[in-house]
Amino acid sequence: AFREAGKYGQLSRGGIVTLAQALVGAKKFDEAHAFLDAELEADKNFADAYFTKGIIYSVQGQCKKAIEYYGLTLFIDANNASAYTNMGYARLDCAETSEAIKAFQTALGISKNKIDHFDSNLGLAIAHLRNGNDPGAAETFKKALSLNPNLGKGLDALAREGYVYTPAQAEDIRKLLGKFGK
C-alpha cells in the first residue's frame, strides 16, 4: 500500500518513516514535522509517525512534547517497547526520574528484542544513578553491557552504531563506565 507523499512521490508507511528519519538526520526538523503532520492528517492511527515525531522532539530538546508523542504512539500501540524506552529517556531529560524508571521497566516487561533490552537497561542504569541507587545502577548497567559489549568501548562506539544521547545522558554514561565498566 503506497500513498502519495507530496513532492516525495508515492511511499509505503516504512518509506514515510525512513524519509522522515533522513530529514531529521539532515537536521531539517521543520520539514520532517510538516511531512509527518501531513501523513497524520491522512491517517490518525499511524503510530510510527507519532513515534518519529517523538524522536524529533527529543533531538530538539523538547522533552515534554516528546513525551506527548510517545504517549500518542502508545495509545495506538500499547505494546511498543521502543516507545516506552524513548519515553523513559525523555522523562530523564525532564528530570522525571521515577516516571522514567516506570517506563524503562514497562519496556523491559514487554520487549522481545535485544536492542530494546539494551536501551532500557542503560536508561534504567542512568535513572538509578541519578537517584543515588548505585546497586541498581550497577546491576542494570552490567545487563546493558552484556547485551551490547560496545558500551564498554565508550560513547564513540555507540555513536557508530547509531545511538544518540543528550549531553546529560552522555555524562551519566561516562559516570557509569567509570564506576561499573570494568
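Note that the coordinates shown come from a computational prediction; the quantities given were computed from them, not determined experimentally. (Residues numbered from 1 in each chain as written. Predicted model: local features only at pLDDT ≥ 70, side-chain atom pairs only at ≥ 80, totals over all residues. Heavy atoms only, no water.)

## As for the confidence of the model for the protein chain
Moving on, step 1. Residues of the protein chain with pLDDT of at least 70 account for 93%, and the chain-wide mean is 89.
Moving on, step 2. Mean pLDDT per element in the protein chain: strand E1 (residues 3-4) is the minimum at 45, and helix H4 (residues 63-76) is the maximum at 98. (pLDDT = per-residue confidence, 0-100. Helix = DSSP H or I, 4+ residues; strand = E, 2+ residues; numbered from the N terminus.)

## Description of the nonpolar core
Moving on, step 1. The biggest cluster of nonpolar side chains holds 30 residues, and the ones touching the most others in it are Phe35, Leu36, Phe46, Ile56 and Tyr70.
Moving on, step 2. Taken together, the elements giving at least two residues each to this core come down to helix H1 (13-25), helix H2 (29-42), helix H3 (47-59), H4 and helix H5 (81-93). (Core = buried A, V, L, I, M, F, W, Y, C linked by side-chain atoms within 4.5 Å. Buried < 20%, exposed > 50% of the residue type's maximum accessible area, 1.4 Å probe, protein only.)

## Re the packing of H3 against H4
Moving on, step 1. Interaxial distance between H3 and H4 falls to 8 Å at its minimum, and their mutual angle equals 165°. One element, H3, and the other, H4, form an angle in the roughly antiparallel class. Taken as a pair, H3 and H4 cross one another with a handedness that is left-handed. Residue-level contacts link Ala47, Tyr50, Phe51, Lys53, Gly54, Ile55, Tyr57 and Ser58 of H3 to Lys65, Ala66, Tyr69, Tyr70, Leu72, Thr73 and Ile76 of H4.
Moving on, step 2. Residues of the contact of H3 with H4, tallied by class, amount to 10 nonpolar, 3 polar and 2 charged. (Axes fitted to C-alpha atoms, helices over the stretch in contact; angles between N-to-C directions. Parallel < 35°, antiparallel > 145°, perpendicular 65-115°, else oblique. Left-handed = near helix turned anticlockwise from the far one by under 90°. Contact = heavy atoms within 4.5 Å. Nonpolar A, V, L, I, M, F, W, Y, C, P; charged D, E, K, R; others polar.)

## Quick word on helix H6 (residues 97-110)
Moving on, step 1. Taking 1.5 Å of rise per residue, 14 residues should cover 20 Å, and H6 covers 20 Å from first to last C-alpha, within 8% of that figure.
Moving on, step 2. Turning to H6, its buried residues are Thr97, Ala100, Ile101, Ala103, Phe104, Ala107 and Leu108. Down the axis of H6, the sector holding all buried residues measures 165°, keeping them to one side.
Moving on, step 3. As for H6, its buried residues are in contact with H5 and helix H7 (114-130). (Expected span 1.5 Å × (residues − 1). Arc of directions from axis to C-beta.)

## Let's talk about the side chain of Thr85
Moving on, step 1. With respect to the helices and strands, the residue Thr85 is situated in helix H5.
Moving on, step 2. Setting aside residues no more than four positions away along its own chain, Thr85 makes contact with Phe104, Ala107, Asp116, Asp119 and Ser120.

## Thoughts on the environment of Asn45
Moving on, step 1. Residue placement: Asn45 occurs in the loop between H2 and H3.
Moving on, step 2. Using a relative accessible area of 53% as the deciding quantity, one classes Asn45 as exposed.
Moving on, step 3. When the C-alpha atoms of Asn45 and Ala90 are compared, they prove to be 22 Å apart, with 45 residues separating the residues in sequence.

## Points about unusual backbone geometry
Moving on, step 1. We note that Lys27 has phi near 60°; this positive angle belongs to a residue other than glycine.
Moving on, step 2. As for its position among the elements, Lys27 is in the loop between H1 and H2.
Moving on, step 3. Although it is not a glycine, Ala95 sits at a positive phi angle of roughly 60°.
Moving on, step 4. Tracing the chain through its elements places Ala95 in the loop between H5 and H6.

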